[in-house]
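Structure at a glance
Read off the chains here:
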Amino acid sequence: MAGCVTSVELSVSCRSLPHRDLGSKSDPLCVVLQDVGGGCWAEVDRTERIKNCQAPEFCKKLVVDYYFEKVQKLKFAVYDIDNETFDLSDDDYLGGIECTLGQVVSSSVFTRPLELKQGKPAGKGTITISAEEIKDTRVLYLEIEARNLDKKDLFGKSDPFLEFYKQSDAGTWQLVYRSEVIKNNLNPCWRKFSVPLQTFCGGDFNKPVKVLCVDHDSNGSHDLIGAFETNLTQLQKAGDGSAVEFECIHPEKKQKKKSYKNSGIIRVKSCKIETEYSFLDYVMGGCQINFTVGIDFTGSNGDPKSPDSLHYISPDGTNEYLIAIWSVGSVVQDYDTDKLFPVFGFGARVPPSWQVSHEFALNFNPSNPYCQGIQGIVDAYRQILPQIQLYGPTNFSPIINHVARFAAHSAQQGTASQYFILLIITDGEITDLDQTRQAIVNASKLPVSIIIVGVGEADFKAMEFLDGDDGVLKSLAGEPAARDIVQFVPFRQFKNAPREVLSQTVLAEVPKQLVSYYKLQGWPPVKPPEIQKV
């Protein structure tokens, strides 16, 4: 994070996308990936999916950290999404481009032909990207309803949704927000929504904003109900029980009919502006990050004395467990002032009783399980290997619950002062999946992130299930996780990549997870930054 100059927000639109669906247009989504070295690309962000559309203007902005001193290679990839899975490998590829972030930020509008692979164009498809620096961290919250909208459908009422556009300095209109569709309703009340102030109006309260009310058609040929122009200064008059009302005007109807009044009324019920804090705001404001490690000592790892064991320490002094500890720990330790890290093993028989333990201190001192620095963890690991008997089963829940107890105690203070990262390194299949699901759901309400690194060649399906990317993780009883707190990566994907690639990938979600927890609680940083009003 140290060299990050600023974050930029990328607006993406496409034209003339190829058809991939029989009998209908494609359902496109755009993802941006960043080159992290060693031929590896890591996903940074993705847009929403737009149904039945060959010329999408994506509403969700892609946010990328900008480092002036680095050449940041980006890949923009457009897919036709025909299922609900997060994974894009089972979706049709509509084309993409590779470029640098520097090229995008130095062009006011960056348009390129889409390619299926280098030198092979994706029909006439193009992608257009424009960048804007994020200078303002305030967020706008709006509640909007409408009444007496025009009926647009032959066999029912309209299916209205809203679109907000801001006027660019060049005078063009750029989409900043698209609401959900409310079916068959001429008096809709849309969900409360939020838009970063920077996105909505560039922080300029008098910048023109155009609002369209549109009737949704499933084939993508939506009909305009009406529109109006306003600005944030006018919208801010809403609140404290008094709404601001705007007439929804259809320009063609207004021209044709003398008696035309409007096509409905849009009512802004409330308009609030709040400050959104970043990961650095919390860290620089006094939040300590506590790092705990859990190491899998089950029998499936193989005898540590045997060269084919995952716990075998090679002549150069490393193995996959040690590389994972070094990679992740070396980044996290900078955010922990005392550099004392509790480290636990699980799945082994330990002296003196030789009972199987799923939560034993690596230094054999349960009342003080701390190792001094990353080197201290490595030393404790090397010392304990000859002293324990690898066994089983592979239970994660005890160590997750252990960290969760500390996090719960810290959360009772009601301040953003402590956050906990648990790194679990494991060789495979989990035995207590149901208990682990419950432990993660419980921990999702606490200041905790869990990173699981899978070593060896096992099938890690269960780990991918715990990583909530494919949808919200639920406990056996059906209780959903309050937020996604698990990041799983298989070590084998990074075997030949530079070590920092592993740490960048596994830690990429942590800043978002930390901010999402404190936002959920409504807790500002212990020492909030000075707010600079634009």
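These numbers come from a predicted model, not from an experiment. (Residues numbered from 1 in each chain as written. Predicted model: local features only at pLDDT ≥ 70, side-chain atom pairs only at ≥ 80, totals over all residues. Heavy atoms only, no water.)

A grouping of Asp87, Asp90, Glu429, Asp459 and Glu464 is seen on the molecular surface, where their side chains present a negatively charged patch. Tracing the chain through its elements places Glu429 in the loop between strand 24 (418–426) and helix 9 (433–443). The partly exposed category is assigned to Glu429, whose relative accessible area is 44%. (Patch = residues over 30% accessible without salt bridge, like charges linked within 9 Å, V, L, I, M, F, W, Y side chains within 5 Å. Areas by Shrake-Rupley, 256 points an atom, 1.4 Å probe, with all protein chains shown as cover. Salt bridge = Lys/Arg side-chain N within 4 Å of Asp/Glu carboxyl O. Lys, Arg positive; Asp, Glu negative; His and termini not counted. Charge placed at Lys NZ, Arg CZ, Asp CG, Glu CD. Helix = DSSP H or I, 4+ residues; strand = E, 2+ residues; numbered from the N terminus. Buried < 20%, exposed > 50% of the residue type's maximum accessible area, 1.4 Å probe, protein only.)

So, on to the sheet that holds strand 12 (residues 193–196). The antiparallel open sheet is built from 4 strands, whose spatial order is 12-9-16-15. Here the strands that pair on one side only, and so sit at the sheet edges, are strand 12 and strand 15 (244–247). For this sheet, the mean inter-axis angle between neighbouring strands, taken without regard to orientation, is 35 degrees. (Pairing = 2+ DSSP bridges. Axes fitted to C-alpha atoms, helices over the stretch in contact; angles between N-to-C directions.)

Turning our eyes to something else, we now look at the domain arrangement of the protein chain. Along its sequence, the protein chain is carved into domain 1 (6–134), domain 2 (138–275) and domain 3 (280–521). A C-alpha centroid distance of 33 Å is found between domain 1 and domain 3. Contacts between the two partners involve 6 residues from domain 1, matched on the other side by 7 residues from domain 3. It is Val36, Cys40 and Phe86 in domain 1 that bury the most area against domain 3; as a group they hold 63% of the surface buried on that side. One can count 0 residue pairs in polar contact (both at pLDDT 80 or more) joining domain 1 with domain 3. For the side of domain 1 that touches domain 3, the per-class residue count stands at 3 nonpolar, 2 polar and 1 charged. (Domains from an automatic or database assignment. Contact = heavy atoms within 4.5 Å. Buried area = accessible area lost by both parts, 1.4 Å probe. Polar contact = N/O pair within 3.5 Å; in protein donor to acceptor, adjacent residues only side chain to side chain. Nonpolar A, V, L, I, M, F, W, Y, C, P; charged D, E, K, R; others polar.)

A few words now on unusual backbone geometry. Looking along the chain, the bond that leaves Pro351 and enters Pro352 is cis, with omega of 0 degrees. By the secondary structure assignment, Pro352 is in the loop between strand 19 (348–350) and strand 20 (355–357). A cis amide bond links Gly392 with the next residue in sequence, Pro393, at an omega value of 0 degrees. Even without a glycine there, the phi angle at Asn184 is positive, about 50 degrees. Turning to its location among the elements, Asn184 is positioned in the loop between strand 11 (173–178) and strand 12. With a phi close to 55 degrees, Lys339 is a non-glycine residue in the positive phi region. Along the chain, Lys339 turns up in the loop between helix 6 (320–332) and strand 18 (340–346).

The side chains of a regular strand alternate, residue by residue, between the two faces of the sheet. Bridge analysis of strand 1 (residues 6–15) against strand 8 (residues 120–134) gives 9 bridges, and the strand direction is antiparallel. Note on strand 8: the bridge partner recorded for Val8 is Glu133. Bridge analysis of strand 7 (residues 110–117) against strand 8 gives 6 bridges, and the strand direction is antiparallel. In the strand pairing of strand 8, Arg112 is matched with Ile127.

Further remarks concern the sheet that holds strand 11. Strand pairing in a sheet is mediated by backbone hydrogen bonds. Such pairs are either parallel or antiparallel. Taken together, the 4 strands give an open sheet; going across it, the order is 11-10-13-14, and neighbouring strands pair in antiparallel fashion. Unpaired on one side and paired on the other, strand 11 and strand 14 (223–230) mark the two borders of the sheet. For this sheet, the mean angle separating the axes of adjacent strands, direction not counted, is 25 degrees. Direction of pairing for strand 10 (residues 160–167) relative to strand 13 (residues 209–215): antiparallel, over a ladder of 7 bridges. In the sheet register, Phe161 faces strand 13, and the bridge partner there is Val214.

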